[in-house]
Amino acid sequence: IEEWVLPDAVRYLIHESGRSFKAGEAEAIATALGRLPMALSHAAAYLREVPNASAVSYLAAIERRMAAAPPGMADAKSVYATFQEAIAHAEGTAAGARPTGAKAVMTFAALLAPDNIPMELFAQDAAHYPQELSAVVTDPDGIEQAVGALARLSLIEFDGEANTFSVHRLVQGAAIDGASP
């Protein structure tokens with residue numbers, strides 16, 4: 001897994017998150033994430049999407065999630081942690097929030113080939129899907145909301161022209177590991 005040099009990782013995090021950090025905060029996040037581009041992409045998207053999350057609180061959450069990563073995730077603990085934090089936000093785990101179905105869509109997509117997953121795959125009869133996903137596909141806006149949340153948090157890459165999305169293999173692995181009991 002390729003790492004960025006620290007100055008590049010910090011520049012990317014600052015630029016993509018649209019944030020100005022206090023001295024050392026961006027460096028601390030980049031270092032904790034192992035300077036992995038995918039993890040930094042997730043972190044930047046999360047920090048952009050959740051303006052009230054501080055760098056300190058995000059770093060603490062990521063460190064907790066990395067400590068809870070399943071065995072065998074040594075090379076990708078930071079991707080696992082940033083994925084888990086983003087999917088929790090996408091699912092609306094805050095009190096009173098209506099779940100988006102993003103986790104159900106991601107768990108399903110993690111079992112597919114990672115590239116060019118057609119949106120029409122989610123247009124079948126709800127009986128063809130696992131229970132959590134069938135609730136999403138029967139909601140008129142469900143898939144649109146779930147896929148939109150995943151794209152905003154850089155968990156997928158959506159191609160509007162082809163009406164498909166792609167999921168990086170490391171993110172698929174994090175989704176599968178996160179779905180395990």
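Residues numbered from 1 in each chain as written. Predicted model: local features only at pLDDT ≥ 70, side-chain atom pairs only at ≥ 80, totals over all residues. Heavy atoms only, no water.

Caption draft 1: Focus on empty space enclosed by the protein. For the structure on display, the rule yields one cavity of 30 Å³ or more. By volume, the largest cavity amounts to about 40 Å³. In terms of lining residues, the largest cavity is bounded by ten residues, among which Phe-83, Ile-87, Lys-103, Thr-107 and Ala-175 are the most central. The set of elements that each furnish at least two residues to the lining of the largest cavity consists of helix H5 (77–90), helix H6 (102–109) and helix H9 (169–179). At four residues, the largest contribution of residues to the lining of the largest cavity is made by H9. For the lining of the largest cavity, the class distribution of residues is six nonpolar, three polar and one charged. (1 Å grid on protein atoms, 1.4 Å probe; cavity = no way out; pocket = protein on both sides within 12 Å on 5 of 7 lines; lining within 4 Å. Points joined across faces, edges and corners; volume = space filled by probe spheres on them. Helix = DSSP H or I, 4+ residues; strand = E, 2+ residues; numbered from the N terminus. Nonpolar A, V, L, I, M, F, W, Y, C, P; charged D, E, K, R; others polar.)

Caption draft 2: Structural context of the packing of aromatic side chains. A full pass over the atoms with the stated rule returns five aromatic pairs. Their ring planes at 65° and their centres at 5.8 Å tell us that Phe-108 and Phe-122 sit as a pair that is edge-to-face. Linking Phe-108 in helix H6 with Phe-122 in the loop between strand S1 (117–118) and helix H7 (131–138), this pair joins segments that are 14 residues apart in sequence. Site record: aromatic cluster; members linked through ring pairs are Phe-108, Phe-122, Tyr-129 and Phe-165. (Phe/Tyr/Trp six-rings, centres within 6.5 Å; stacked < 30°, edge-to-face > 60°.)

Caption draft 3: Spotlight on the pattern of salt bridges. Taken as a whole, this structure holds four salt bridges when the rule is applied. Of the charged contacts, one joins Arg-35 and Glu-3 as a salt bridge, the two residues approaching to 2.8 Å between their closest N and O atoms. One end of the pair, Arg-35, is in the loop between helix H2 (25–32) and helix H3 (37–49); the other, Glu-3, is in the segment before helix H1 (6–17), and 32 residues separate them in sequence. The exposure class of Glu-3 is partly exposed, given its relative accessible area of 44%. With a shortest N-O distance of 2.4 Å, Asp-8 and Arg-11 are connected by a salt bridge. Here Asp-8 pairs with Arg-11, and both are found in helix H1, just three residues apart, close to one helical turn. (Salt bridge = Lys/Arg side-chain N within 4 Å of Asp/Glu carboxyl O. Buried < 20%, exposed > 50% of the residue type's maximum accessible area, 1.4 Å probe, protein only.)

Caption draft 4: Just helix H4 (residues 55–67), in detail. Relative to the 18 Å expected for 13 residues at 1.5 Å per residue, H4 spans 18 Å between its end C-alpha atoms, a close match to the ideal helical length. Those residues of H4 that fall on the buried side of the exposure criterion are Ala-55, Tyr-58, Leu-59, Ala-61, Ile-62 and Met-66. The buried residues of H4 all sit within an arc of 160° when viewed along its axis, so they share a single face. Those residues of H4 that are exposed and aimed more than 90 degrees away from the buried face are Val-56, Arg-64 and Ala-67. Of the surrounding secondary structure, the elements contacted by the buried residues of H4 are H2, H3 and H5. (Expected span 1.5 Å × (residues − 1). Arc of directions from axis to C-beta. Contact = heavy atoms within 4.5 Å.)

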